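Chain residues, written in single-letter form:
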Amino acid sequence: RSAMFVRFTESRISDIENSSGQIIISHTSLFSLCQNHMRSNKTEFTTQNIRKVVFTTISACPDRRRIDGREEVKDRALALTCDKPFEGDEVMALTALISICKEC
């Protein structure tokens, strides 16, 4: 097993070295992205600065639109299925929910 692990790590290091410095954002954790940003800009690690960097990093992430869409689907589904009576046109809301789900 250790030989396989060594080959894997050598291969991974080679991939990283040959990637010409480009990092695929989807493979990088949010913590790493924010930490690298704060270090490169020499920003002090305070709670307020960390929150700002996390917010701007998340806002710039291409997956954010997909996450927002999922939240909208969840909110509409809960509104349609909760114990309280639905305010508005149920058929239109269900049609909109179906079209949003098709986009996801």
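All values derive from a computational prediction rather than experimental measurement.

Engineer: I'd like a description of the overall build of the protein chain, backed by residues and values.
Structural biologist: For the protein chain, the helix and strand inventory stands at five helices and zero strands. In the protein chain, the succession of α and β elements from N to C terminus is α-α-α-α-α. Put simply, the protein chain has 104 residues, and 9% of those count as buried. Residue pairs in contact within the protein chain that sit at least 24 positions apart in sequence constitute 32% of those at least 6 positions apart. For the protein chain, the exposed surface amounts to about 9100 Å²; the carbon and sulfur share of it is 56%.

Engineer: I'd love a proper account of the environment of Val54, names of residues and values included.
Structural biologist: As for its placement among the helices and strands, Val54 is situated in helix H3 (residues 47-60). Exposure remark for Val54: the relative accessible area of 25% places this residue in the partly exposed category. Here the alpha-carbon distance between Val54 and Leu30, two residues 24 residues apart in the chain, equals 7.6 Å. Once you skip the residues sitting within four places of it in the chain, Val54 turns out to touch Leu30 and Cys34.

Engineer: For the environment of Gln35, give the residues involved together with the corresponding values.
Structural biologist: The topology assignment puts Gln35 in helix H2 (residues 30-40). What makes Gln35 partly exposed here is its relative accessible area of 21%. The spacing of Gln35 and Val53 is 18 residues in sequence and 8.9 Å in space, taken between C-alpha atoms.

Engineer: An account of the environment of Thr95 is requested, with residue identities and associated values reported.
Structural biologist: When you line up the elements, Thr95 lands in helix H5 (residues 90-103). Reaching out from Thr95, the side chain makes a polar contact with the backbone oxygen of Val91 at a distance of 2.7 Å.

Engineer: Before we move on, can you summarise the packing of H2 against H3 with the specific residues and values?
Structural biologist: Closest axis-to-axis distance for the H2/H3 pair is 10 Å, and the angle between their directions is 115 degrees. Between H2 and H3 lies a crossing of right-handed hand. Within the contact between the two elements, H2 uses Leu30, Leu33, Cys34, His37 and Met38 and H3 uses Asn49, Ile50, Val53, Val54, Thr57 and Ile58. When its residues are assigned to classes, the contact of H2 with H3 shows eight nonpolar, three polar and no charged.

What counts, and where the lines are drawn
Residues numbered from 1 in each chain as written. Predicted model: local features only at pLDDT ≥ 70, side-chain atom pairs only at ≥ 80, totals over all residues. Heavy atoms only, no water. Helix = DSSP H or I, 4+ residues; strand = E, 2+ residues; numbered from the N terminus. Buried < 20%, exposed > 50% of the residue type's maximum accessible area, 1.4 Å probe, protein only. Contact = heavy atoms within 4.5 Å. Areas by Shrake-Rupley, 256 points an atom, 1.4 Å probe, with all protein chains shown as cover. Polar contact = N/O pair within 3.5 Å; in protein donor to acceptor, adjacent residues only side chain to side chain. Axes fitted to C-alpha atoms, helices over the stretch in contact; angles between N-to-C directions. Left-handed = near helix turned anticlockwise from the far one by under 90°. Nonpolar A, V, L, I, M, F, W, Y, C, P; charged D, E, K, R; others polar.

Purely spatial values, then, with no claim about function.
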